[in-house]
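# Analysis of the macromolecular model
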Amino acid sequence: MSGQSLLVPGTLSPTRQVPGSIPRPEYVGKPGPAPYTGPEVQDEETIERMRIASRIAARAMEEAAKAVAPGVTTDELDRIAHTYMVDHKAYPSDLGYRGFPKSLCTSVNEVICHGIPDSTVLRDGDIVNLDVTAYIHGVHGDCNATYFVGDVDEESRLLVERTRESLDRAIKAVRPGRRINVIGRVIESYAKRFGYGVVRDFTGHGINTSFHSGLVIPHYDDPRATTMMRPGMTFTIEPMLTLGTHAYDLWEDGWTVVTKDRKRTAQFEHTLVVTTDGAEVLTLP
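Residues numbered from 1 in each chain as written. Predicted model: local features only at pLDDT ≥ 70, side-chain atom pairs only at ≥ 80, totals over all residues. Heavy atoms only, no water.

The name given to the chain in an unreviewed UniProt entry is Methionine aminopeptidase, with Actinacidiphila yanglinensis as the source organism. Of the chain, the UniProt comment under Function (unreviewed entry) reads exactly: "Removes the N-terminal methionine from nascent proteins. The N-terminal methionine is often cleaved when the second residue in the primary sequence is small and uncharged (Met-Ala-, Cys, Gly, Pro, Ser, Thr, or Val). Requires deformylation of the N(alpha)-formylated initiator methionine before it can be hydrolyzed." A UniProt comment under Subunit (unreviewed entry) is attached to the chain, and it reads "Monomer." (UniProt positions renumbered as here; feature names shortened; annotations may be inferred.)

In structure tokens form, the structure reads like this:
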């Protein structure tokens, strides 16, 4: 694996502003979101609004990804994604969610998830996950992907490619009448072929008018995940695979999650809706 030194916290830039004309999610300015009490199955009008939010999120991520290169700061990636969402009249869902200070998550190398964009400079050989969620017309769309920074070692490259493949396989397993745990079963069985860890404590989730509805989508074969998939259900699948343990530590910032053994980790995510014969991926650019 790459001999890169471990990540350390950088310096935060001032909070980016969103025009007052752009509607905010209800949780902005509050300690946390109100509990979601609505249905997990959405009507077609809500799903159509989610298609719009999801496309904006996917395109914002794509725009930020174009700038991924050695010497670029994670804060610059945040600026690009923030600007794209605001320019398209969407609110960056991350900004102000439980106090999160930035508009996307940038998780580098050993960071499993929730990395905060700051003055950290990307280095040749790094991998970086960009996690973007957009809020518009009262709904959210959520996606993430892991990108190579310059010339990446073979072990890291394979981890990223196989994590993407695990998401693709999980999406293909979505069918009405199946239990949610089939998703994690597919991911875990594939990851085990390569000796990868599968993160357990951070999961996919229901999403709609709520950023996180309360529906949990594990990425391992969890026998408790017995909810039946039904047409119209909307949720994310976002496997996090590691080169070592799935155990983690949390930085003092309360957000940044790193592998306990500090080995590298990769993640990919889509928002999708269950259809009558499978799944429609909403977060395609």
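From this point, the narrative continues.
### Considering the environment of lysine 172
With respect to the helices, strands and loops of the structure, lysine 172 is situated in helix α3 (residues 154–172). The class of lysine 172 is exposed, set by a relative accessible area of 62%. Distance in space between the C-alpha atoms of lysine 172 and glycine 278 is 7.1 Å, their sequence separation being 106 residues. (Helix = DSSP H or I, 4+ residues; strand = E, 2+ residues; numbered from the N terminus. Buried < 20%, exposed > 50% of the residue type's maximum accessible area, 1.4 Å probe, protein only.)

### Looking at the state of the cysteines
Taken as a whole and assessed by the stated rule, the structure comprises 0 disulfides. Note on cysteine 105: no disulfide assigned, nearest cysteine sulfur contributed by cysteine 113 at a separation of 7.7 Å. With a relative accessible area of 7%, cysteine 105 lands in the buried category. Note on cysteine 143: no disulfide assigned, nearest cysteine sulfur contributed by cysteine 105 at a separation of 12 Å. When its relative accessible area of 0% is taken as the criterion, cysteine 143 is described as buried. (Disulfide = S-S within 2.5 Å.)

### Some words on the pattern of salt bridges
Counting across every chain of the model gives 21 salt bridges. Its salt-bridge partner being glutamate 76, residue arginine 79 comes within 2.7 Å of it at the nearest N-O pair. Here arginine 79 pairs with glutamate 76, and both are found in helix α2 (residues 74–87), just 3 residues apart, close to one helical turn. Exposure remark for arginine 79: the relative accessible area of 36% places this residue in the partly exposed category. Here glutamate 154 ties to arginine 157 by a salt bridge, and the two come within 2.6 Å at their closest N and O atoms. Taken as a pair, glutamate 154 and arginine 157 lie in helix α3 at a separation of 3 residues, close to a single helical turn. (Salt bridge = Lys/Arg side-chain N within 4 Å of Asp/Glu carboxyl O.)

### Side note on α2
The terminal C-alpha atoms of α2 lie 20 Å apart, and with 14 residues this matches the ideal 20 Å at 1.5 Å per residue to within 8%. Among the 14 residues in α2, 10 count as buried, and that is most of the element. Taken together, the buried positions of α2 are Thr74, Asp75, Leu77, Asp78, Ile80, Ala81, His82, Tyr84, Met85 and Val86. Summarising the contacts, the buried residues of α2 are in contact with α1 (44–65), β1 (91–92), β2 (105–108) and β4 (127–136). (Expected span 1.5 Å × (residues − 1). Contact = heavy atoms within 4.5 Å.)

### Concerning the nonpolar core
By size, the foremost hydrophobic cluster in this structure holds 67 residues, and its most contacted members are Met85, Leu130, Ile183, Met229, Phe235 and Ile237. When contributions to this core are tallied by element, the ones reaching two or more residues are α1, α2, β4, β5 (139–148), α3, α4 (181–192), β9 (234–237) and β14 (270–274). Sorting elements by how many residues they give to this core places α1 first, with 10 residues. Membership of the second largest hydrophobic core comes to 7 residues, among which are Tyr27, Tyr97, Cys105 and Trp255. (Core = buried A, V, L, I, M, F, W, Y, C linked by side-chain atoms within 4.5 Å.)

### Examining α4
Since there are 3.6 residues in each turn of an α-helix, residues three or four apart along the chain are aligned in direction. The terminal C-alpha atoms of α4, which comprises 12 residues, lie 16 Å apart, in line with the 16 Å expected from a rise of 1.5 Å per residue. Every buried residue belonging to α4 is among Asn181, Val182, Ile183, Gly184, Ile187, Glu188, Tyr190 and Ala191, and all of these are buried. Looking at the buried side of α4, the elements it contacts are α3, β6 (197–198), β8 (216–217), β9 and β10 (240–242).

### Notes on the sheet that holds β6
Across the sheet, 3 strands lie side by side as β6-β10-β13; this open sheet has antiparallel pairing. Either end of the sheet is taken by a strand with one partner, and the two such strands are β6 and β13 (265–267). Alignment of β10 against β13, held across 3 bridges, turns out to be antiparallel. Bridge assignment links leucine 241 to a residue of β13, and that residue is alanine 266. (Pairing = 2+ DSSP bridges.)

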